[in-house]
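In case you want the letters, here they are:
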Amino acid sequence: MLDALTWLLAIEVLGLLALPLCFVLFSRLPDRGLTLAKPLALVLFSYLLWVTGLTHLAPNTRITLIVILLLAAVAGGFVFRAMADRIISFIKEEWRTLVVAEIIFLAFFFLWLGITSETPAISGTEKPMDFGFMNAVLQSRFFPPEDPWLSGHSISYYYFGHFMMAFLAKLTAVPSNVGYNLAISLVPALLAIASFGLIYNLVRLSGGGLRSALGFGLAAPAMIMLLGNLEGVLEFIHAQGLGGDGFWNWVGIKGLGSGPAGSGLLPDDYLWWWRGTRVIDTLVDGQSLDYTITEFPAFSFLLGDLHPHVMSLPFVVLGLSLGLNLFQYRSTIGPGWLLRNPLEAIAIALFVGSLAFINIWDLPLLAGIFAVLISVKNYGEGDGDLQRAVLNAAAALIPILALGVLMFLPFYLTFSGGALGILPLQDVSTRPILFFLAIGLFALLAISFVLLQLPGLGRPTRPDGVFAGLVLAIALMPLVVWGGIVLVLTWADEGVGAAIVDVGGRALWVLPGLAIVAVASISAGMRLRRGEETAAAFPLMLVAVAFYLLVGAELFYVNDTFGGAFRRMNTVFKVYYQSWLLLGLAGTYSLYFWRSRVTTHSLRGSEPRQPEPGAGHTHSQQKLVRTANWVWGFAVVLMVVGSAYYSVGAVLDRTGILNQNHTLADNTLDGLSFVQSQDPGEYAAILWLRDDAGFGRIVEAVGDDYSDYGRISASTGFPTLLGWKGHELQWRGTSLPFQGREEDVERIYESSDPAEVKLLLEQYQVRYVYLGRRERSDYGGANLAGFGNLLRTAFEQDGVIIYELLN
């Protein structure tokens, strides 16, 4: 518990240090960006450490971190002194908001701290990889850090999220096996306070009162993080033994079929909640033709992977908030804006540019959102000259994005990646029922918002028509490009009839989504042109971008190292994850928008009026509207309850809280406690290497991915010759960097020739040879004891030996 409090104190201090900068940077937002201080501080201070380590200005030590923070405190002190009256006045006026925001942050931190303490093991899925990156940063004296699973090479992945968590671990001196689980608890807390702030600001900018802003702000993290998808409803039906073979075959989700009822309200299947993240598929005779991942935050945080797509969430909201702040600028945005607002431009470049280093999929997302925001704003704020609006947007955004890339150029120089291009999707597509199960609640809220705001737009003008034409052209462009390619390919292989059927059928499926894109975008532009409820234009554009992404996943996929039935697995995974966040934010705002409309109509309906011609018709319309509101509200509540069933059930199943043998005495934040109970010698060896031994490269057994192979390097940050081969292939796109290494490891453990072993150890600059149960099982390793003139026993306990190469 002391480690958790130390960690919490550290992030609070970082947030306080960044508070003056937030006050200046987010000057157009009602909360002045104070709800973003913590994620902003993590990026800013971690970036400064990364730069000093890259340039060898200072080593990666706690002293360096403290110096960075002291300098930040001095700079913040100057800012505070210059703006003390305004900052103090603001805090006095908005203290309720700040208190509620902090309560939300603490509530989510301790909620996930409790859940994580029930399932702390850093084992399985991607946890060892994430743990390895975090430890590699901690062990590095300078940067870039060495790949823990491929010695001699720097990490070829986006690891800045791991870097930020390592920053906190080093600052607090919390051991990494505890720090990993504290990081898992911190990320949802950061997302909670950031998403609260974004919706709070949108409601206040829309004219909503404090209570409404706080209430709907609180709904944002609850919607985004505490709800699962609607697959949970099917789990409930399945657990009750309902549904016949025909129904479950139609649903088409692996593992769900007819059978006897379970023992209670929750499914009895092992890891049943995993199925909710594998919804979209095409099954033929039980075999996948379109295996995809449809993960969402509630699952991610419960699973406990400290993976880039998870860690990036609060920082994406930080980027969106920068966009909202920019959106409130009271003029067009172009080259002049850059000269008048250099600090804001640099901040956008830094914080949006950092997203590529955290999760590279999010940089094009935010770049696209900023392009849409600025272009639509320039059109709305300007004189209707669409060409000028787009050119000014490009003139402002291109230098910012270029600076963002330049600021993280060393990362790009060491990043390989496995993407091979973008290809058109054929043969498979998402069935509507599976789309509904995966993201139906947020899609309903978003579509309802787009339709509900239409009556207030008024009649379009001539400039609106030109703008609408451009929007339609952009919206239809992916379908036109895809259709042209597939038409030619299918015509050549199967004939003109098949080509028309394929293209026509897919067009009918995606056109409604593209219609939402067009209507939302046009509505945003028209609102800005009229100056009416302009804040609503921001969530409208989030809806447009989200549906554009979802439609895009039905037409194209990123060609990576996966193929066959897994070809669009990553594309659907990342696109649906991003869309969940965007639609979750927009959907929360739609609840406010709907409530404000219902309240307004109710007040109007209560005003006494003189009877007018057609009054009966008007009364019938009002009654119809009230009925529609009740039906819509009931449907939303029903879907929320169905989504919450998944989350509650998954937490209970994952943690085992309801098990008779459950006890809080077993709770821990030590992610390696399972190693301590299963293999005490290995646990002791890990701690010795990490905390006491001099840094150096190691040799350990090479085995399969997603296993306990590579554990020593991942748990210590000491690079090994070769860890998880499949991951290295994904990261680098080729096996050339590690060809022959697996065979060399085998020779080190099995060769009886000390000269050969010495040559190999010196070739790879190995300092330590680890001999544990995996090494003995795979290679034997008895030869090492006979190399007294080459190796010395540096550590030995409970059957584990670590040999050190003699100089």
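Throughout this document, residue positions are counted from 1 along each chain, in the order its sequence is written. Whole-chain, interface and lining totals are the exception, using all residues; otherwise, since this is a predicted model, local features are given only for residues with pLDDT of at least 70 and side-chain atom pairs are given and counted only at 80 or more. Computation of side-chain values: all heavy atoms of the structure, hydrogens and water removed.

A.B. asks: Explanation requested: the overall build of the protein in the structure shown.
C.D. replies: Helix and strand definitions here come from DSSP, where helices need a minimum of 4 consecutive H or I residues and strands a minimum of 2 consecutive E residues; each element is numbered from the N-terminal end. Of the regular secondary structure elements, the protein holds 31 helices and eight strands. Note on method: radius of gyration uses C-alpha positions; expected globular size equals 2.2 Å times residues raised to 0.38. Its C-alpha atoms give the protein a radius of gyration of 28 Å, near enough to 28 Å, the size a compact globule of 807 residues would have. Summarising its shape, the C-alpha atoms of the protein cover approximately 105 × 70 × 60 Å along the three principal directions. Each of the 807 residues in the protein was classed as buried or not, and the buried ones make up 56%. Note on definitions: a residue-residue contact is assigned when non-hydrogen atoms from the two residues lie within 4.5 Å. A fraction of 77% describes how many contacts in the protein between residues 6 or more apart in sequence connect residues 24 or more apart. Exposure was quantified through the Shrake-Rupley algorithm and a 1.4 Å probe, taking into account, for residues, occlusion by the shown protein chains and nothing else. Roughly 32400 Å² of accessible area belongs to the protein as shown, and the carbon and sulfur atoms make up 63% of that amount. Charge assignment in this entry is limited to Lys and Arg as positive and Asp and Glu as negative, and neither His nor the chain termini are counted. The atoms used to mark charge sites are NZ of Lys, CZ of Arg, CG of Asp and CD of Glu. A gap of 13 Å separates the mean positions of the 50 positive and 63 negative side-chain charges of the protein. Burial classes follow relative accessibility: with a 1.4 Å probe on protein chains only, a residue under 20% of its type's maximum area counts as buried, one over 50% as exposed, and anything between as partly exposed.

A.B. asks: I would appreciate a short explanation of the packing of helix 2 (residues 37-54) against helix 3 (residues 62-82) in the present structure.
C.D. replies: Two elements in contact, helix 2 and helix 3, have axes separated by 10 Å at closest approach and are oriented at 125 degrees. As far as their axial angle goes, helix 3 and helix 2 are oblique. In terms of crossing hand, the pair formed by helix 2 and helix 3 is right-handed. Across from F45, L48, L49 and T52 in helix 2, the residues of helix 3 making contact are T64, L65, I68, L69 and A72. Each residue receives one of three labels: charged for Asp, Glu, Lys and Arg, nonpolar for Ala, Val, Leu, Ile, Met, Phe, Trp, Tyr, Cys and Pro, and polar for the others, Gly being one of them. Of the residues that constitute the contact of helix 2 with helix 3, the class distribution is seven nonpolar, two polar and no charged. To get an axis, a line is fitted to the C-alpha atoms, and for a helix only the part in contact is used. The angle between two axes follows their N-to-C directions and goes from 0 to 180 degrees. If an angle is under 35 degrees, it is roughly parallel; if it is over 145, roughly antiparallel; if it lies from 65 to 115, roughly perpendicular; otherwise it is oblique. The hand of a helix crossing depends on one turn: near helix anticlockwise from the far one by less than a right angle means left-handed, and clockwise means right-handed.

A.B. asks: Please explain the packing of aromatic side chains as it appears in this structure.
C.D. replies: To describe a pair of aromatic rings, one takes the distance between the centres and the angle between the planes. What counts as a ring pair is set by centres within 6.5 Å for rings of Phe, Tyr and Trp (its six-membered ring), and what kind of pair is set by the plane angle: stacked under 30 degrees, edge-to-face over 60, tilted for all other angles. The full count for this structure, using the stated rule, is 55 aromatic pairs. Residues F160 and F357 carry aromatic rings whose centres are separated by 4.9 Å and whose planes lie at 15 degrees to one another, so their mutual orientation is stacked. Within this pair, whereas F160 is found in helix 6 (residues 160-172), its partner F357 is found in helix 15 (residues 342-358), the two being separated by 197 residues in sequence. Classification of F160 by relative accessible area gives buried; the value is 0%. Given a relative accessible area of 0%, F357 falls into the buried group.

A.B. asks: Explain the environment of A635 to me, please; I cannot follow it from the model alone.
C.D. replies: Assignment of secondary structure puts A635 in helix 24 (residues 615-655). For A635, a relative accessible area of 29% translates into the label partly exposed. For the pair formed by A635 and I348, sequence separation is 287 residues and the distance between their alpha carbons is 39 Å.

A.B. asks: How should I be thinking about the pairing of strand 8 (residues 800-805) in this particular structure?
C.D. replies: Both faces of the sheet carry side chains from a regular strand, because those side chains alternate between them. With six of six residues buried, strand 8 is to be regarded as a mostly interior element. The alternating pattern of strand 8 places V800, I802 and E804 and I801, Y803 and L805 on opposite faces, both of which are buried. Only strands joined by at least two bridges in the DSSP assignment are considered to pair. Two strands pair when backbone bridges link them, and strand 6 (residues 766-771) and strand 8 are joined in this way by four bridges, in the antiparallel orientation. Pairing of L771 across the sheet is with I801, part of strand 8. As judged from the six bridges shared by strand 7 (residues 791-797) and strand 8, these two strands associate in the antiparallel manner. Bridging from a neighbouring strand, L791 pairs with L805 of strand 8. Between strand 7 and strand 8, which pair antiparallel in sequence order, lie two residues; one of them, D798, sits at a positive phi of approximately 50 degrees.

A.B. asks: Honestly, helix 30 (residues 754-763) in this entry has me stumped. Any pointers?
C.D. replies: The periodicity of an α-helix, 3.6 residues per turn, causes residues three or four positions apart to be oriented the same way. Taken as a whole, helix 30 has its buried residues at V757, L760 and L761. Buried residues of helix 30, viewed axially, fall in a sector of 100 degrees; they line one side. Exposed and oriented more than 90 degrees from the buried face of helix 30 are A755 and L759. The inward-facing, buried residues of helix 30 abut strand 5 (697-699), helix 29 (741-750), strand 6, strand 7 and strand 8. Just beyond helix 30, the residue with positive phi is Q765, at close to 55 degrees. Starting at the helix axis, one direction is taken to each C-beta atom, and the arc is that of these directions.

A.B. asks: Can you walk me through the environment of T414 in this structure?
C.D. replies: Structurally, T414 is set in the loop between helix 18 (409-413) and strand 3 (421-424). Distance from T414 to S156, taken between C-alpha atoms, is 5.9 Å for residues 258 residues apart in sequence. There is a polar contact of 3.4 Å between the side chain of T414 and the backbone oxygen of P410. Any pair of N or O atoms that falls within 3.5 Å is considered a polar contact. Within protein, one atom must be able to donate a hydrogen and the other to accept it, and sequence-neighbouring residues count only if both atoms are side-chain atoms.

A.B. asks: Mind showing me how you'd approach the pattern of salt bridges here?
C.D. replies: Two side chains with opposite charge may pair up if their charged atoms get near one another. In what follows, salt bridge is the name for a side-chain nitrogen of Lys or Arg lying within 4 Å of a carboxyl oxygen of Asp or Glu. If you walk through the whole model with that rule in mind, you get 23 salt bridges. Residue R773 pairs with D679 through a salt bridge whose shortest N-O separation is 3.1 Å. Residue R773 is found in helix 31 (residues 773-778), and its partner D679 is found in the loop between helix 25 (673-678) and helix 26 (680-691); the two are separated by 94 residues along the sequence. Here R773 falls in the partly exposed class, since its relative accessible area comes to 39%. A relative accessible area of 9% means that D679 is categorised as buried. Close ionic contact of R774 with D708 constitutes a salt bridge, the shortest N to O distance being 3.6 Å. You can see R774 sitting in helix 31 and its partner D708 sitting in the loop between strand 5 and helix 27 (711-716), a full 66 residues away along the chain. Owing to a relative accessible area of 4%, R774 belongs among the buried residues under this scheme. One network of salt bridges, in which partners are shared, links D679, E682, D708, R711, R773 and R774.

A.B. asks: I'm lost on a negative patch on the surface in this one. Help?
C.D. replies: Candidates for patches are residues over 30% relative accessible area with no salt bridge; among them, like charges are joined within 9 Å and nonpolar side chains (Val, Leu, Ile, Met, Phe, Trp, Tyr) within 5 Å. Taken together, D427, D493, E494 and D502 make up a surface patch of like negative charges. Topologically, E494 is positioned in helix 20 (residues 462-494).

A.B. asks: Would you take a moment to explain the side chain of D130 for this structure?
C.D. replies: Tracing the backbone through its elements, the reader meets D130 in helix 5 (residues 127-139). No salt bridge is formed by the buried D130, whose closest oppositely charged neighbour, K127, lies at an N-O distance of 7.9 Å. Separated by 3.1 Å, the side chains of D130 and H162 make a polar contact. When sequence neighbours within four positions are dropped, the list of residues in contact with D130 reads H162, Y180, D305, L306, H307 and P308.

A.B. asks: What exactly am I supposed to notice about the sheet that holds strand 6 here?
C.D. replies: Each strand in a sheet pairs with another by means of backbone hydrogen bonds, the pair being arranged parallel or else antiparallel. With mixed pairing, four strands are arranged side by side in an open sheet as 5-6-8-7. Every interior strand has two partners, whereas the edge strands, strand 5 and strand 7, have only one. Across the sheet, the mean angle separating the axes of adjacent strands is 25 degrees when strand polarity is ignored. Relative to the sheet, helix 26 contacts strand 6, strand 7 and strand 8, its axis offset from that of strand 7 by approximately 125 degrees.

A.B. asks: I keep staring at the side chain of R28 and nothing clicks. Help me out?
C.D. replies: With respect to the secondary-structure elements, R28 resides in the loop between helix 1 (2-25) and helix 2. A polar side-chain atom of R28 sits 3.0 Å from the main-chain carbonyl oxygen of N325. Setting aside residues no more than four positions away along its own chain, R28 makes contact with L205, N325, L326, Q328, Y329, W337, N341 and E344.

A.B. asks: Explain a nonpolar patch on the surface to me, please; I cannot follow it from the model alone.
C.D. replies: On the surface, a cluster of nonpolar side chains totalling about 530 Å² of accessible area is made up of V390, L470, I474, M477, V481, I485 and L489. Looking at which element gives the most residues to the nonpolar patch, the answer is helix 20, with six residues. The partly exposed category is assigned to V481, whose relative accessible area is 41%.

A.B. asks: Please clarify how unusual backbone geometry should be interpreted in this entry.
C.D. replies: Trans is the prevailing form of peptide bonds, just as negative phi is the prevailing case for residues other than glycine. Going from F143 to P144, the amide bond is cis rather than trans, its omega being 5 degrees. If you trace the backbone, P144 turns up in the loop between helix 5 and helix 6. For H56, which is not glycine, the phi dihedral falls at a positive 60 degrees. Along the polypeptide, H56 turns up in the loop between helix 2 and helix 3.

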